[in-house]
Amino acid sequence: MNTVLQARPRNFVSTPTLERTAFRTLRYLKSGYSVHLKGAAGTGKTTLALHLADLLGRPIMLLFGDDEFKTSDLIGSQTGYTRKKVVDNYIHSVMKVEDELRQNWIDSRLTLACREGFTLVYDEFNRSRPEVNNVLLSALEEKLLVLPPNQNRSEYIRVSPHFRAIFTSNPEEYCGVHGTQDALQDRLITINMPEPDELAQQQILTQKVGLDPIAALQIVRIVRAFQTDAAPDMVSSLRPSLMIATICNDHGIIPLAENADFRDVCSDILLTRSKHPLPEATRRLWDLFNQFVASQVDVAEQLQGGQAPRAVRLHGEDDDSDGVPPPVNNAVIEAPPVIEESPLEEPVLATPMLEDPALEALTQEEPILEEPALEGFPPAEDTVLGTAESALEEAVIEPQ
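Each value, and the rule that gives it
- Residues numbered from 1 in each chain as written.
- Predicted model: local features only at pLDDT ≥ 70, side-chain atom pairs only at ≥ 80, totals over all residues.
- Heavy atoms only, no water.
- Salt bridge = Lys/Arg side-chain N within 4 Å of Asp/Glu carboxyl O.
- Buried < 20%, exposed > 50% of the residue type's maximum accessible area, 1.4 Å probe, protein only.
- Helix = DSSP H or I, 4+ residues; strand = E, 2+ residues; numbered from the N terminus.
- Pairing = 2+ DSSP bridges.
- Contact = heavy atoms within 4.5 Å.
- Axes fitted to C-alpha atoms, helices over the stretch in contact; angles between N-to-C directions.
- Polar contact = N/O pair within 3.5 Å; in protein donor to acceptor, adjacent residues only side chain to side chain.
- Core = buried A, V, L, I, M, F, W, Y, C linked by side-chain atoms within 4.5 Å.
- Arc of directions from axis to C-beta.
- Patch = residues over 30% accessible without salt bridge, like charges linked within 9 Å, V, L, I, M, F, W, Y side chains within 5 Å.
- Areas by Shrake-Rupley, 256 points an atom, 1.4 Å probe, with all protein chains shown as cover.
- Lys, Arg positive; Asp, Glu negative; His and termini not counted.
- Charge placed at Lys NZ, Arg CZ, Asp CG, Glu CD.

1. Comments concerning the pattern of salt bridges
According to the stated counting rule, one finds 7 salt bridges in the structure shown. As a salt-bridge pair, Asp-107 and Arg-115 come within 2.5 Å of each other at their nearest N and O atoms. Using a relative accessible area of 22% as the deciding quantity, one classes Asp-107 as partly exposed. Taking the shortest distance from any N to any O, the salt bridge between Glu-131 and Arg-129 comes out at 2.7 Å. Given a relative accessible area of 44%, Glu-131 falls into the partly exposed group. Each of Glu-280, Arg-283, Arg-284 and Asp-287 takes part in a single network of salt bridges with overlapping partners.

In structure tokens form, the structure reads like this:
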């Protein structure tokens with residue numbers, strides 16, 4: 001039983017380079033030719049192939065190359081038998097018996113796609129042996145699919161005019177990859193898929209993962225720098241960048257070289273892609289981290305969202321070189337108090353109590369204003385003096 005797909009790649013990132021490539025490839029497909037997307041692993045060949053198949057608007061038959069494939073895995077095979085026995089005893093004195101044994105033929109993906117006019121996406125077709133793919137020659141050129149002889153069906157199938165084939169392949173130097181026969185390659189329009197540039201990878205990480213553009217750019221630059229310095233044989237930097245970006249986005253890891261969690265993620269994903277010994281690859285990766293610590297000063301505040309920067313320990317420094325005292329067991333660290341701003345009010349200053357009358361007179365800066373005397377009332381000083389004189393007159397001092 002074959003399953004027909006209606007694939008729509010989610011979050012397909014369309015960059016100017018991919019748009020031009022897709023436009024050219026779609027033009028060839030609409031003219032009736034089959035195309036071959038060739039490039040290194042991780043350059044987006046399969047995603048682009050499914051996107052093109054979706055643009056054609058036809059059902060999709062998806063097929064993956066395998067070294068264990070046989071021709072029957074492409075076109076179909078004889079599977080099982082059907083036995084038919086008829087006993088005719090209409091005339092009781094005569095018995096007629098007919099016994100028929102028939103093999104069952106089951107179509108495979110290529111046969112079904114050619115007959116119904118589906119779009120065939122043959123991913124990594126050069127992982128299958130070349131003799132297995134020979135059946136494609138007549139289907140692509142003469143538009144005729146040849147089947148093994150059988151008495152119960154036709155040996156030829158006319159290929160539908162709506163049939164289209166999209167092939168993808170990796171370079172032949174990869175492990176488990178066979179060379180493509182010249183006859184098949186001559187029937188295909190081959191399009192080389194280069195690795196996306198820095199801007200394209202940043203857009204892919206931003207739209208596919210949902211990461212901030214600044215954070216995505218930092219990841220792309222670190223991975224590409226490691227590829228240039230320590231892993232020149234790394235096939236593509238896009239797939240490791242997608243892994244790091246997805247993990248950082250899912251777990252809230254800030255992609256800064258000073259972040260210990262980010263360094264651990266990069267080490268686990270990148271070190272195995274280098275052909276250098278592990279200590280040498282680790283040293284080169286840490287050197288890159290030290291360089292990016294200095295260059296990420298401007299973007300650190302934006303990525304941290306206003307958080308206070310943490311002390312950074314570069315590779316080769318001691319743990320206690322930054323002068324931070326070790327934590328005390330069972331110590332309770334309280335959060336700093338939050339100081340709320342209040343509207344400014346004029347401060348009320350209390351006059352200090354001075355013992356020396358001379359100093360007290362010096363501290364009085366404001367002049368003493370005399371109030372004008374009111375008519376009909378005696379001056380205040382005369383009232384005070386009169387009160388004091390009457391108090392003295394009334395005092396009686398008796399001798400002992």
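So, next bit.
2. Points about the pairing of strand S5 (residues 119-123)
Counting buried residues along S5, 5 of its 5 residues qualify, which places the element largely inside the surrounding structure. Here S5 shows two buried faces, one formed by Thr-119, Val-121 and Asp-123 and the other by Leu-120 and Tyr-122. The pairing of strand S2 (residues 60-64) with S5 spans 5 bridges and is classified as parallel. Residue pairing in the sheet places Leu-62 in a bridge with Val-121 of S5.

3. A few points about the side chain of Ser-237
Note that Ser-237 resides in the loop between helix H8 (213-229) and helix H9 (238-251). The class for Ser-237 is buried, based on a relative accessible area of 0%. When sequence neighbours within four positions are dropped, the list of residues in contact with Ser-237 reads Glu-195, Gln-201, Val-223, Arg-224 and Gln-227.

4. Re the sheet that holds strand S1 (residues 34-39)
Hydrogen bonds between backbone atoms are what pair the strands of a sheet, whose relative direction is either parallel or antiparallel. Strand order in the open sheet formed by 5 strands is S2-S5-S8-S1-S9, with parallel pairing between adjacent strands. Single-partner strands in this sheet number two, and they are S2 and strand S9 (188-193). Ignoring which end each strand starts from, the neighbouring axes of this sheet average 15° apart. Alignment of S1 against S9, held across 6 bridges, turns out to be parallel. Bridge pairing in S9 places Ser-34 opposite Leu-188. Against the sheet, helix H2 (residues 45-56) touches S1, S2, S5, strand S8 (164-169) and S9, its axis set at about 170° to S8. In the packing of helix H4 (residues 109-116) onto the sheet, contacts are made with S2 and S5, and the angle to S2 comes to roughly 155°.

5. Some words on the environment of Gln-296
Position of Gln-296 relative to the elements: it lies in the loop between helix H11 (278-295) and helix H12 (297-304). Under the relative-accessibility criterion, Gln-296 is labelled buried at 3%. A C-alpha to C-alpha distance of 9.0 Å links Gln-296 and Glu-258, two positions 38 residues apart in sequence. Setting aside residues up to four positions removed in sequence, Gln-296 forms contacts with Gln-218, Ile-222, Pro-255, Leu-256 and Ala-257. Looking at Gln-296, its side chain comes within polar contact range of the side chain of Gln-218, at 3.1 Å. Engagement of the side chain of Gln-296 in a polar contact is seen with the backbone nitrogen of Ala-257, the distance being 2.8 Å.

6. Thoughts on unusual backbone geometry
Phi angles above zero are rare outside glycine, and Glu-124 is one such case at about 50°. Summarising the element assignment, Glu-124 is placed in the loop between S5 and helix H5 (135-141). Although it is not a glycine, Lys-143 sits at a positive phi angle of roughly 55°. Structurally, Lys-143 is set in the loop between H5 and strand S6 (144-146).

7. Section: the nonpolar core
Core analysis: the biggest nonpolar cluster contains 38 residues, and Leu-205, Ile-219, Phe-226, Ile-244, Phe-262, Leu-270 and Phe-289 have the highest contact counts within it. Looking at this core, the elements with two or more residues in it are helix H7 (198-209), H8, H9, helix H10 (260-270), H11 and H12. Contacts of Phe-226, omitting those with residues within four sequence positions, involve Ala-231, Leu-270, Leu-271, Ser-274, Ala-281, Leu-285 and Leu-288. Counting residues in each nonpolar core, the second largest holds 29 residues, with Cys-114, Leu-147, Leu-184 and Leu-188 among its members.

8. Brief notes about H12
Those residues of H12 lying buried are Val-299, Ala-300, Leu-303 and Gln-304. Looking down the long axis of H12, one finds its buried residues gathered within 130° of arc, a one-sided arrangement. Away from its buried face, by an angle of more than 90 degrees, H12 presents the exposed residues Asp-298, Glu-301 and Gln-302.

9. Concerning a negative patch on the surface
Together, Glu-141, Glu-142, Asp-182 and Asp-186 make up a negatively charged patch on the protein surface. Structurally, Asp-182 can be placed in helix H6 (residues 182-186).

10. What to know about the environment of Val-235
Mapped onto the fold, Val-235 is located in the loop between H8 and H9. Each C-alpha atom, one on Val-235 and one on Ala-41, is 6.3 Å from the other, the two residues being 194 residues apart in sequence. Setting aside residues no more than four positions away along its own chain, Val-235 makes contact with Ala-40, Ala-41, Tyr-174 and Glu-195.

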